[in-house]
Amino acid sequence: MKNKLLILNGPGLADLSIYDEFYGEITLSAIKEKCKNVCKGLNIELDFRQTDDEDELLGFLLKDSEDFNAVIINPVGYSHALTAEFAKHCLAIKTLTLQKKPVIEVHIANIFKQGADITKPLQVPEGQMGFVSGLGVYSYVIAINAISKKLNKVA
Amino acid sequence: MKVYVINGPNINLLGTREPEIYGYETLDDIATKCIEIGNKKGIDVKFMQSNYEGEMVGWIQDAIKNKIDAIVINAAAYTHTSIAIHDALKSFSGYKIELHISNPHLRESFRHNTFVAPAADAVVAGLGADGYSHVVEMLPYLPIPEK
């Protein structure tokens, strides 16, 4: 059976042009195309989504993820947030990892270079989760490769 | 393309140290795999490991002298303490990737800060021992400045 991968992109990622200094010429549709091609080569069924609505993103993560074997999420600003929504986000990811589903958080730019205060811990959910930041579109590619390898090991 | 893969303290114990976190592969196993992938892709991969901070700083300085194109660094526990490694990395103008086998941000709070990441171009963590080979495989596609 084909493995199913859900890639989620959070608020603001639809238009990357306003973040030129971090992202260069990358567009979300180019990222989607690249992910589609990589998944095709690895025989993975891909569902690639983006939403500006944090509740919708949480819904994707909590409910829709049930139909998938693995999740890649670019949560944008969540890494430095401390909100009630963030707590729910963490719980959703923890739930997924407890089901032994690989989850990898990705960022296009290196979030530690964007003036992040490195003495303050990065906020991340509990549970086993991978993290890739700063490789541009290849943050997604490396995450897909890692997930493919992991799913094939388990199978 | 020439690449240094620099590993910090206790990484030499891979395969025996808390294998439930770090896996059963030894550093030699990982190095062999990465060098093999490198050979196929025309990348000269050199693996090194030290338990000494100063030796690691020396290797980063060697990378500057020897015009190495990229550094992949798993500074291990020094990630969270070493301003010397941070400074040395800043002096290296090639491409830099911080790598960890586990995801330090999910572990004890004393592992949550990183002096390496702000001096690096990218961070890859929590992909297990396979993280090394995934990174080497990706190197030909990254915006690595020509030397």
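Structure: above.
The model shown is predicted, which means the values in this text are computed figures rather than measured ones.

So, on to the overall build of chain B. When its secondary structure is counted, chain B shows five helices and five strands. Helices and strands appear in chain B in the N-to-C order β-α-α-β-α-β-α-β-β-α. Expressed as a percentage of its 147 residues, the buried residues of chain B come to 60%. Total accessible area on chain B stands at roughly 6,200 Å², and carbon and sulfur atoms take up 51% of it.

A few words on the packing of helix α2 (residues 27-41) of chain B against helix α5 (residues 130-138) of chain B. Residues and elements named next belong to chain B. Between α2 and α5, the shortest axis-to-axis distance is 9 Å and the interhelical angle comes to 10°. By the angle class used here, α2 and α5 are roughly parallel. With respect to the hand of their crossing, α2 and α5 are arranged in right-handed fashion. For the pair α2 and α5, the contacting residues are I30, K33, C34, I37, G38 and K41 in the first and D130, Y132, S133, V136 and E137 in the second.

We now examine the pattern of salt bridges. Counted under the stated rule, the structure contains nine salt bridges over all chains. Between D130 of chain B and K153 of chain A there is a salt bridge, with its nearest N and O atoms 2.7 Å apart. Placement of D130 of chain B in helix α5 and of K153 of chain A in helix α5 (residues 137-154) is noted, with the two residues assigned to different chains. Classification of K153 of chain A by relative accessible area gives exposed; the value is 56%. Among the charged side chains, a salt-bridge network with shared partners connects K149 and K153 of chain A together with E25, K33 and D130 of chain B.

Each value, and the rule that gives it
- Residues numbered from 1 in each chain as written.
- Chains lettered and ligands numbered in written order.
- Predicted model: local features only at pLDDT ≥ 70, side-chain atom pairs only at ≥ 80, totals over all residues.
- Heavy atoms only, no water.
- Helix = DSSP H or I, 4+ residues; strand = E, 2+ residues; numbered from the N terminus.
- Buried < 20%, exposed > 50% of the residue type's maximum accessible area, 1.4 Å probe, protein only.
- Areas by Shrake-Rupley, 256 points an atom, 1.4 Å probe, with all protein chains shown as cover.
- Axes fitted to C-alpha atoms, helices over the stretch in contact; angles between N-to-C directions.
- Parallel < 35°, antiparallel > 145°, perpendicular 65-115°, else oblique.
- Left-handed = near helix turned anticlockwise from the far one by under 90°.
- Contact = heavy atoms within 4.5 Å.
- Salt bridge = Lys/Arg side-chain N within 4 Å of Asp/Glu carboxyl O.

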